[in-house]
Amino acid sequence: MIVCGMVVKRMAVAAAVLALIAPPAAAQRAEAPRHTVLVEAEAFDCYGGWLHDSQFMDQMGSPFLLAHGLGEPVADAQTTVRFPAPGAYRVWVRTRDWVATWDAPGAPGRFQLLVDGTPLETVFGTEGAEWHWQDGGEVEIGGRSAEVALRDLTGFAGRCDAIVFSADPDFTPPNEDPDMAAFRRRMLGLPEQPEEAGPFDLVVVGGGIAGTCAAVAAARLDLKVALVQDRPVLGGNNSSEVRVWLHGARNVQPYPRLGDIVRELEQQRRAHYGPANTADLYEDDRKLDLVRDEPNITLLLEHRMNAAEMADGRIVAVTAQHTRTGRRLRLAGRWFADCTGDGNLGALAGAEYEKTLPGRMGQCNLWNVIDAGEPVDFPRTPWALDLSDKPFPGRGNGRPDPIKLGGWYWESGFDHDPFEKDEYIRDWNFRAMYGAWDALKNVDRVLPTYKLNWSAHISGKRESRRLLGDVQVTLDDLLEQREFPDGFVATGWAVDLHLPDPRYEKGFEGDAFIARAHYTQYPRPFRVPYRALYARNVPNLFMAGRCISVTHEALGATRVMRTGGLMGEVVGMAAAVCRRHDADPRQVYERYLDDLEELVLRGAGRPLPGPPKPDWLTDDRPNVARSAAVSVSSHYDAERYPAANLNDGNVDWGNNEARWISGDAPPHHVELTWDAPQTVSAARIISGYRQPDGRLVGANREFVLQYHDGDAWRDIPGARAADNDQFSWAAEFPPVTSRRIRLVITAGSDRRARLWEVELYATPGSERP
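A quick note: this is a predicted structure, and the numbers were derived from the prediction, not measured.

Caption draft 1: Summary view of the overall build of the chain. The secondary structure content of the chain amounts to 12 helices and 40 strands. Computed over the C-alpha atoms, the radius of gyration of the chain is 31 Å, within 12% of the 27 Å expected from 2.2 N^0.38 for a compact globule of 769 residues. When its C-alpha atoms are laid out on the principal axes, the chain stretches across 105 × 65 × 50 Å. Across the 769 residues that make up the chain, the buried fraction comes to 60%.

Written out as structure tokens, the structure is:
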């Protein structure tokens, strides 16, 4: 529970703005009488336990507060409201009975409105399937200000958009746009036109992994960038709000630097199912810090892009509305990137797109349960999905498995429009969760000490709009491993399509809530062409992430977030090429593809620090291994991890592709041979594996350097390692002279040896080979 007096105040904007003097009727369509006060719920001083929900504002007109207590009433949301005068005010609250959509009983989203500590008689959230202004009767205001609070009565997803107090008992606030939007602006004292906030070289809409990578790449290439994100955190599905891990490939040859920004964003720890999947694992603050460290990025968190300004078929500017204050900004730019996942900017700009209905992939609201260590009751939920006699993952036959509750396969919306029915789909996921938990606790009477622990109120989406580019990637392209001259982005995920699981669909046809993954394998990696990353009919629009130019089937391979991050990096680089040549995205392919490939090869990531340099390693000490012929005892993959990597001088231990990997039958030998004898007195051995989160693991544990004396192999004194945990092992030893020196590895981190480089050094001042 959150105590309001202990939290930081929300945005420095009054929760209520007074309309004391009405302008002429002709000046406003949405007229309001004197002494009318609008209180936006999202602008409350303190949310208490209520959550800010902005994901449906394009459909219902506004962000709102959600009492997402998992069956336990949340702490009050509170604010101070200023009034023009004491007196009687009629009260209206914009809300809805969220289960009335299905004629379900019980009105679980009930809440009260308190004025100076006294609840109004009306209980809100009890009527109407649609968003509307529910009449709250009259209240007497005794002074010029009052304390207003929202009191949740159930913990079951009550929701409040706004409150109106009016001294005119006959006034009813408008409920439909554009009148409602104009009414809000007038009451909040906001201008009719958005404020200027540009111009920018590149405006990136959507701050998931794809959008963040696009913004960072462009900023590091000296573009002035705006990054617009409608949530308070970055990462999208890979944030603490949704909690999905990154999948796919990165840093794959022949473009080993593509993915460096993705690597910077990846987390150091991970979990996937159950209560171990905690918010802290997603390192939201680290993502924010990475972006805020870029001086060329203007980061606009909690801003929803909801309008596009066009001229001659080009995007000139977008409008971004703050999701707490309602303030709107006009962001002018030369190029734009739709990284919303939903293709929202493309749709507003008139870009051609496809949308698969029915049979699209759905969306999840992950959830989990936890053992509280003592008996925990749960109320009956007659308004939830009735699963009392239905199977679902985790139920079992008297042997429930809590870890299977709320995983990725708890998914719905397959046959519904992802925009018109967005709130419906999220709420259906809620009803499935509560129905399953009711069945386990109150029908099966199992898991007596368990309780609901966490549930995402922000949906994690898989598929919506797919904007069309000059190339649309198809399933056949993947299966045939079709090569494109502009293929930069490597996939690393199978074609993974989620469709209703027939084992759980009976009784819920058309509204399934459990998915099954349908996998199709193809030769990997496939390389997504750059021409799928810009719109074919909006000349200055890029896209990256789920909304790129692919078919429904191909999206199954490209939708995962590492892959989307690579797209974002390419888009940021392509924008830099556009500025260099005063060109548009299509012209980059037609005229300047070599420039783009040069940037892709170079990468835009922050370089990892190299291996530590021992004190004895001075510039006048030659590495004679560079001139040796190298041979090895075995290969894991000779083409991908060739022996030539061992002495090529490329000590890039951020790049796993720059290593040699042995077979799995130790001991393993690496032999270096010269035409003439070499004298060696020091060595550095660099081994291991760079994990996706950036950590090094897997150093070779036991090895020895040997030289051949003409008759036999001899150990080099002082050049043996046992129980080694150093990824960059270095040693000096008495000089030895030989034409042949080898490294014998008796124990890697497992049965294989993994090496970036073998370096052998002559004495200082020796002539370089």
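Caption draft 2: Seen up close, the pairing of strand E38 (residues 713–721). Of the pairings in the sheet, the one linking strand E37 (residues 702–708) to E38 comprises five bridges and is antiparallel in character. Residue pairing across strands places Val704 opposite Arg720, the latter belonging to E38. In this antiparallel pair of consecutive strands, E37 and E38, the connection spans four residues, and Gly710 shows a positive phi of 105 degrees.

Caption draft 3: View of the pattern of salt bridges. This model, assessed by the stated rule, comprises 58 salt bridges. Asp477 is the partner of Arg482 in a salt bridge, and the nearest nitrogen-oxygen pair spans 2.2 Å. For the salt bridge of Glu671 with Arg740, the shortest nitrogen-to-oxygen distance reads 2.7 Å. On the criterion of sequence distance, the pair formed by Glu671 in strand E34 (residues 668–687) and Arg740 in strand E39 (residues 728–747) is long-range, its members being 69 residues apart.

Caption draft 4: View of the environment of Ala249. Residue position: Ala249 is located in the loop between strand E15 (225–228) and helix H4 (260–265). Not counting the four nearest positions on each side in its chain, Ala249 is found in contact with Ala490, Thr491, Gly492, Arg562, Thr563 and Leu566.

Caption draft 5: Representation of the packing of helix H10 (residues 561–581) against helix H12 (residues 593–602) in the model. Direction vectors running N to C along H10 and H12 enclose 135 degrees, while the axes themselves pass 9 Å from each other. Taken together, the axes of H10 and H12 are oblique relative to one another. In this structure, H10 crosses over H12, and the sense of that crossing is right-handed. Note on element contacts: H12 touches H10 through Asp595, Leu596, Leu599 and Val600, opposite Val570, Met573, Ala574, Ala576, Val577, Arg580 and His581. Residues belonging to the contact of H10 with H12 are distributed by class as follows: eight nonpolar, one polar and two charged.

Caption draft 6: Expanded view of the nonpolar core. Within the largest apolar cluster, 94 residues are counted, with the highest numbers of intra-cluster contacts made by Leu202, Phe542 and Leu596. Considering each element in turn, this core owes the most residues, 11 residues, to H10. Listed in part, the 41 residues of the second largest apolar core include Val99, Ala436, Leu447 and Ile514.

Caption draft 7: Just the sheet that holds strand E23 (residues 411–412), in detail. Judged by pairing direction, the sheet is antiparallel, and its three strands sit side by side in the order E23-E21-E25 without closing on themselves. Edge strands, defined here as strands with exactly one partner in the open sheet, are E23 and strand E25 (460–461). Across two bridges, strand E21 (residues 363–364) lies against E23 in antiparallel orientation. Residue pairing across strands places Gln363 opposite Ser412, the latter belonging to E23.

Caption draft 8: How the structure looks around the sheet that holds strand E10 (residues 145–152). Spatially, four strands are ordered E5-E10-E7-E8 in an open sheet, and the strand pairing comes out antiparallel. Among the strands making up the open sheet, the edge pair consists of strand E5 (77–82) and strand E8 (118–119).

Conventions used here
- Residues numbered from 1 in each chain as written.
- Predicted model: local features only at pLDDT ≥ 70, side-chain atom pairs only at ≥ 80, totals over all residues.
- Heavy atoms only, no water.
- Helix = DSSP H or I, 4+ residues; strand = E, 2+ residues; numbered from the N terminus.
- Rg over C-alpha atoms; globule rule 2.2 N^0.38 Å.
- Buried < 20%, exposed > 50% of the residue type's maximum accessible area, 1.4 Å probe, protein only.
- Pairing = 2+ DSSP bridges.
- Salt bridge = Lys/Arg side-chain N within 4 Å of Asp/Glu carboxyl O.
- Contact = heavy atoms within 4.5 Å.
- Axes fitted to C-alpha atoms, helices over the stretch in contact; angles between N-to-C directions.
- Parallel < 35°, antiparallel > 145°, perpendicular 65-115°, else oblique.
- Left-handed = near helix turned anticlockwise from the far one by under 90°.
- Nonpolar A, V, L, I, M, F, W, Y, C, P; charged D, E, K, R; others polar.
- Core = buried A, V, L, I, M, F, W, Y, C linked by side-chain atoms within 4.5 Å.

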